[in-house]
Amino acid sequence: MEPKSYIAVDIETTGLSPVKDRIIEIGAVKVMEGKIVEIFNELVDPQIELNDRIIGLTGITDKMLCGKRKISSVIKDFIAFSEELPLLGHNILFDYSFLKIAAAKETMDFSRCGYDTLLLGRSLHSELESKSLEAMCQHYGIKNEQQHRAYHDAVATHELFQKLIKHKEGTTQMFLPKPLFYRIPKIEPMTVKQKNYLMNLLKYHKIETRQSIETLTKSEASRMIDKIIFFISSTISSNPFVPSII
């Protein structure tokens, strides 16, 4: 029997590391009996500024994200939306790792099975030089209205999946959902010492930040402290009239 019910999902992020980087957009479609019946499409405030590479790739800007809900709220709605259905994605473990960490921070379980069109593409189209979502869509004549935006990529992945099923007639093991595995690194809360030091740094140097200090993990706090100290050191070295304060 062909897989007909699943959640096709795609995310946009501030970078490639599910531990260090943040989700900025989740797009998904709920497919039942092969047809899209519901959509999920939401921008997420990462509470940090985007770099030029991400802005250029996605077209998403800081202004677009300012005032949007944080991932702590959005992830709860996405999990409810996805129910217990398998996930579908192009390189699904990338999306799954970010979603699973976001869920873990809210003490929510997010264990799923899934399908990966990237792996299917590699198995069924070894002749193609590239198995990227863009290349696979071009091969099958699928029009993706807005590449590197989560909702449009999720829809394109769903359409690609259906094309791959038809390409490989008959039921095969490759179209059975497989458990998705991602081991979440230990997440330790910020220490009191870190919090006090960070708050003093921000206050003393009159630094404003969009990021919520209260929710930082130990590693996030450490990276933020290092970033501030580096910025201060760079400012002092480039301006000899600024007194040393470190």
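These numbers come from a predicted model, not from an experiment.

Draft legend 1. Local environment of helix 3 (residues 71–82). Between its terminal C-alpha atoms helix 3 stretches 16 Å, which fits the 16 Å expected from twelve residues at 1.5 Å a residue. All buried positions along helix 3 are accounted for by V74, I75, F78, I79, F81 and S82. The arc that holds the buried residues of helix 3, viewed along the axis, is 160°, so those residues lie on one side. Tucked inside the fold, the buried residues of helix 3 contact strand 1 (6–13), strand 2 (23–32), strand 3 (35–43) and helix 4 (92–105). A positive phi of about 50° marks E83, the residue just after helix 3.

Draft legend 2. View of the environment of P18. By secondary structure assignment, the location of P18 is in the loop between strand 1 and strand 2. Overall, P18 belongs to the buried group, its relative accessible area being 16%. As a C-alpha pair, P18 and K100 span 82 residues in sequence and 9.1 Å in three-dimensional space. When near neighbours in sequence (up to four residues on either side) are disregarded, P18 contacts S97, F98, I101 and Y182.

Draft legend 3. Highlighting the environment of A221. Its location among the elements puts A221 in helix 9 (residues 218–238). Note: C-alpha distance between A221 and P18 (203 residues apart in sequence) is 16 Å. Apart from the residues within four sequence positions on either side, A221 is in contact with M190, Q194 and L216.

Draft legend 4. Inspection of the packing of helix 5 (residues 117–124) against helix 7 (residues 150–167) at higher detail. The N-to-C vectors of helix 5 and helix 7 enclose an angle of 35°; their axes lie 10 Å apart at closest approach. Crossing geometry of helix 5 relative to helix 7 is assigned as left-handed. Every residue of helix 7 that contacts helix 5 at T117, L120 and L124 is listed here: T157, L160, F161, L164 and H167. A breakdown of the residues in the contact of helix 5 with helix 7 according to their chemical character gives five nonpolar, three polar and no charged.

Draft legend 5. Region of the structure containing the nonpolar core. Judged by nonpolar contacts, the single largest core of 23 residues is most densely connected at I7, V9, I26, F78, L99 and F110. Listing elements by their share of this core, those giving two or more residues are strand 1, strand 2, helix 3 and helix 4. Here this core takes six residues from helix 4, the largest share from any one element. Not counting residues within four places of it along the chain, the set of residues in contact with F78 comprises I7, V9, I26, A28, F40, L99 and F110. Membership of the second largest hydrophobic core comes to 21 residues, among which are V29, L120, F161 and I165.

Draft legend 6. Broad picture of the packing of helix 3 against helix 4. Put simply, helix 3 and helix 4 touch, their axes get as near as 9 Å, and they point 110° apart. With respect to helix 4, the element helix 3 is oriented roughly perpendicular. Counted together, I71, I75, F78 and I79 of helix 3 and L99, A102 and A103 of helix 4 form the full contact between these two elements. A class-by-class count of the residues in the contact of helix 3 with helix 4 yields seven nonpolar, no polar and no charged.

Draft legend 7. Summary view of the layout of surface pockets. Its volume calculated, the largest pocket comes out at about 750 Å³. Around the largest pocket, the lining is made up of 22 residues, and of these I48, E49, T209, Q211 and K227 lie nearest the centre. The element best represented in the lining of the largest pocket is helix 9, accounting for six residues. Of the voids in this model, the second largest pocket is the one considered here, and its volume is about 580 Å³. Taken together, 26 residues make up the lining of the second largest pocket; nearest its centre are D10, E12, H90, H148 and D153. Secondary structure elements with two or more residues in the lining of the second largest pocket: strand 1, helix 1 (52–58), helix 4 and helix 6 (133–140). For the lining of the second largest pocket, a count of residues per class yields nine nonpolar, ten polar and seven charged.

Conventions we followed
- Residues numbered from 1 in each chain as written.
- Predicted model: local features only at pLDDT ≥ 70, side-chain atom pairs only at ≥ 80, totals over all residues.
- Heavy atoms only, no water.
- Helix = DSSP H or I, 4+ residues; strand = E, 2+ residues; numbered from the N terminus.
- Expected span 1.5 Å × (residues − 1).
- Buried < 20%, exposed > 50% of the residue type's maximum accessible area, 1.4 Å probe, protein only.
- Arc of directions from axis to C-beta.
- Contact = heavy atoms within 4.5 Å.
- Axes fitted to C-alpha atoms, helices over the stretch in contact; angles between N-to-C directions.
- Left-handed = near helix turned anticlockwise from the far one by under 90°.
- Nonpolar A, V, L, I, M, F, W, Y, C, P; charged D, E, K, R; others polar.
- Core = buried A, V, L, I, M, F, W, Y, C linked by side-chain atoms within 4.5 Å.
- Parallel < 35°, antiparallel > 145°, perpendicular 65-115°, else oblique.
- 1 Å grid on protein atoms, 1.4 Å probe; cavity = no way out; pocket = protein on both sides within 12 Å on 5 of 7 lines; lining within 4 Å.
- Points joined across faces, edges and corners; volume = space filled by probe spheres on them.

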